[in-house]
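Structural overview
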Amino acid sequence: MAQTVANQIFIIFLLIGLGFFIRKIKLINDGFTQGATNLIIYVTLPAMVLASMDRDFTRELALNGLIIFLLGGLMYAILSIIAFIFVKVRKINDDSKGVYLYMIIFGNVGYLGYPIMSIAFGEIGVFYAAFFNIWFNILTWTLGVKLMSKDRVSITKLLLNPGLLATLLGVVIFFLSIDLPSTVKTTLEMIGNTTVPLAMFVIGAFLADAKFSSTVKNKELYMASLMKLIVGPLLMVIILFSVELSSTIKAIPIVMSGMPSGVNTAIFARMFNRDYKLASQGVVLSTALSLITLPLLLMIIL
């Protein structure tokens, strides 16, 4: 199993490399990257989630979904504690404090998380990841906004978040055992299947546009990435390996805890006039380092 997953993760990194290459040779431009990002957020990712949730209701799946949901809350609690300890010990100033906190707490559980769950565990991985990511869709628009801005959280933005809407609709479909018409299910699957290559191309293009010269000199960014990619996942490993759960149920929160800093770190920093340059560098560095840490993490837990 570990070898199979490692091979599939390698495929993901090959796609990232291809995205990096085609951006470097200017085969794709900023317009494509922005358009692909919107397409993933509003179309392909919700379609992938909905397709994965269209399955017969069973008590086992429902119970596992609830367990995954609760473990997601545990993960965010652990990462939040790590993040606040980090900024306190490192004496991070107010201008960049919110960026570092967001960078450590919120990983790339959407762009990278869903594709890895899909490739590593199949449709059931996406199904469980949807329960897990309910936390992200809520917390990123509440705690995340609070960390980046002192303004009030927009309830409209929370309710209209496409990832949350797709997940909640999918949960309704699952618990009510609603069978989607085969043509609708097939269409959703075809659209959802484009998420993996599109998301990897976007990440690769993002890396290609980054300037590493200033990033590699920032010691705080390395330490924050260490907290995000190693300390958090290891704590999850220690906790979950002490309880009796299936390997898949254990693997999902552990792998999700080891995702690199989410692209939303840079998006929110720009939106709320924080240090966008620092946020972008953090996303780039943690994503690059995750090419090493994620395969190692999977080898440990599988």
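Below, the structure is looked at part by part. Note that the structure is predicted; figures quoted are calculated from it, not measured.

Describing the overall build of the chain
Of the regular secondary structure elements, the chain holds 17 helices and 0 strands. Principal-axis analysis of the C-alpha atoms gives the chain an extent of 50 × 45 × 45 Å. Taken over 302 residues, the chain has a buried fraction of 53%. Counted over contacts in the chain with a minimum sequence separation of 6, partners at least 24 positions apart contribute 84%.

Concerning helix H14 (residues 219–240)
The terminal C-alpha atoms of H14 lie 31 Å apart, and with 22 residues this matches the ideal 32 Å at 1.5 Å per residue to within 8%. The largest bend along H14 reaches roughly 35° and is located at Met227. Where H14 is concerned, the buried positions are Glu220, Leu221, Ala224, Ser225, Met227, Lys228, Leu229, Gly232, Pro233, Met236, Val237 and Leu240. The N-capping residue of H14, defined by a side-chain oxygen 3.0 Å from the backbone nitrogen of Glu220, is Asn218.

With respect to the nonpolar core
Residues Tyr100 and Met256 are the most contacted members of the largest nonpolar core, which totals 92 residues. For this core, the element with the highest residue contribution is helix H3 (residues 59–89), accounting for 12 residues. Non-local contacts of Tyr100, meaning those with residues more than four positions away in its chain, are made with Phe86, Val87, Ile92, Asn218, Glu220, Leu221, Ala224 and Leu278.

With respect to the packing of helix H2 (residues 30–53) against helix H12 (residues 195–209)
Two packed helices can be described by the angle between their axes and the distance between those axes. For the pair H2 and H12, interaxial distance at closest approach is 9 Å and the crossing angle is 145°. Crossing angle aside, the handedness with which H2 passes H12 is left-handed. Here Asp30, Phe32, Thr33, Ala36, Thr37, Leu39, Ile40, Thr44, Leu45 and Met48 of H2 come into contact with H12, specifically with Thr195, Val196, Leu198, Ala199, Val202, Ala205 and Asp209. A class-by-class count of the residues in the contact of H2 with H12 yields 11 nonpolar, 4 polar and 2 charged.

Observations concerning the pattern of salt bridges
Counted according to the given criterion, the structure contains 3 salt bridges. A salt bridge links Arg90 to Glu220; the nearest nitrogen and oxygen atoms lie 3.0 Å apart. Residue Arg90 is located in the loop between H3 and helix H4 (94–105), and its partner Glu220 is located in helix H14; the two are separated by 130 residues in the primary sequence. Judged by relative accessible area, Arg90 falls into the partly exposed class, the value being 28%. Residue class for Glu220 comes out buried when judged on its relative accessible area of 19%. Close ionic contact of Lys185 with Glu189 constitutes a salt bridge, the shortest N to O distance being 3.6 Å. In this pair, Lys185 and Glu189 are both assigned in helix H11 (residues 182–192), 4 residues apart and thus about one turn of the helix distant.

Let's talk about the packing of aromatic side chains
Two measures describe an aromatic ring pair: the distance that separates the ring centres and the angle between the ring planes. Applying the stated rule across the entire model yields 11 aromatic pairs. Ring geometry for Phe69 versus Trp135: centroids 4.8 Å apart, planes at 15°, classification stacked. Of this pair, Phe69 sits in helix H3 while Trp135 sits in helix H7 (residues 134–139), placing them 66 residues apart in sequence. For Phe69, a relative accessible area of 24% gives the class partly exposed. Measuring from centroid to centroid gives 5.9 Å for Phe106 and Phe136, while their planes differ by 75°, and the two rings are edge-to-face.

A word on a nonpolar patch on the surface
Side chains of Leu18, Phe21, Ile25 and Leu27 sit close together on the surface and give an oily, nonpolar patch of about 410 Å² of accessible area. In this structure, Phe21 sits in helix H1 (residues 2–24). Look at Phe21 and you get partly exposed, because its relative accessible area is 47%.

What about H11?
An α-helical turn contains 3.6 residues, so any two residues separated by three or four positions project in the same direction. Buried within H11 are the following residues: Lys185, Leu188 and Gly192. Taken around the axis of H11, the buried residues stretch over an arc of 65°, which confines them to a single face. In H11, those exposed residues whose orientation departs by more than 90 degrees from the buried face are Ser182, Thr183 and Met190. Where H11 is buried, its residues meet H2, helix H6 (123–132) and H12.

Re the packing of H6 against helix H10 (residues 162–175)
It is the contact of H6 with H10, at a shortest axis distance of 10 Å, that shows an interaxial angle of 120°. It follows from the interaxial angle that H6 and H10 lie oblique. The two elements H6 and H10 meet at a crossing, and its hand is left-handed. Residues Phe127, Ala130 and Phe131 of H6 form the contact with H10, whose participating residues are Thr167, Val171, Phe174 and Phe175.

Considering unusual backbone geometry
With phi around 65°, Lys26 is a residue other than glycine that occupies positive phi space. In this structure, Lys26 sits in the loop between H1 and H2. We note that Ser177 has phi near 55°; this positive angle belongs to a residue other than glycine. As for its placement among the helices and strands, Ser177 is situated in the loop between H10 and H11.

What counts as what
Residues numbered from 1 in each chain as written. Predicted model: local features only at pLDDT ≥ 70, side-chain atom pairs only at ≥ 80, totals over all residues. Heavy atoms only, no water. Helix = DSSP H or I, 4+ residues; strand = E, 2+ residues; numbered from the N terminus. Buried < 20%, exposed > 50% of the residue type's maximum accessible area, 1.4 Å probe, protein only. Contact = heavy atoms within 4.5 Å. Expected span 1.5 Å × (residues − 1). Bend = angle between axes of the 7 residues up to and from the residue. Polar contact = N/O pair within 3.5 Å; in protein donor to acceptor, adjacent residues only side chain to side chain. Core = buried A, V, L, I, M, F, W, Y, C linked by side-chain atoms within 4.5 Å. Axes fitted to C-alpha atoms, helices over the stretch in contact; angles between N-to-C directions. Left-handed = near helix turned anticlockwise from the far one by under 90°. Nonpolar A, V, L, I, M, F, W, Y, C, P; charged D, E, K, R; others polar. Salt bridge = Lys/Arg side-chain N within 4 Å of Asp/Glu carboxyl O. Phe/Tyr/Trp six-rings, centres within 6.5 Å; stacked < 30°, edge-to-face > 60°. Patch = residues over 30% accessible without salt bridge, like charges linked within 9 Å, V, L, I, M, F, W, Y side chains within 5 Å. Areas by Shrake-Rupley, 256 points an atom, 1.4 Å probe, with all protein chains shown as cover. Arc of directions from axis to C-beta. Parallel < 35°, antiparallel > 145°, perpendicular 65-115°, else oblique.

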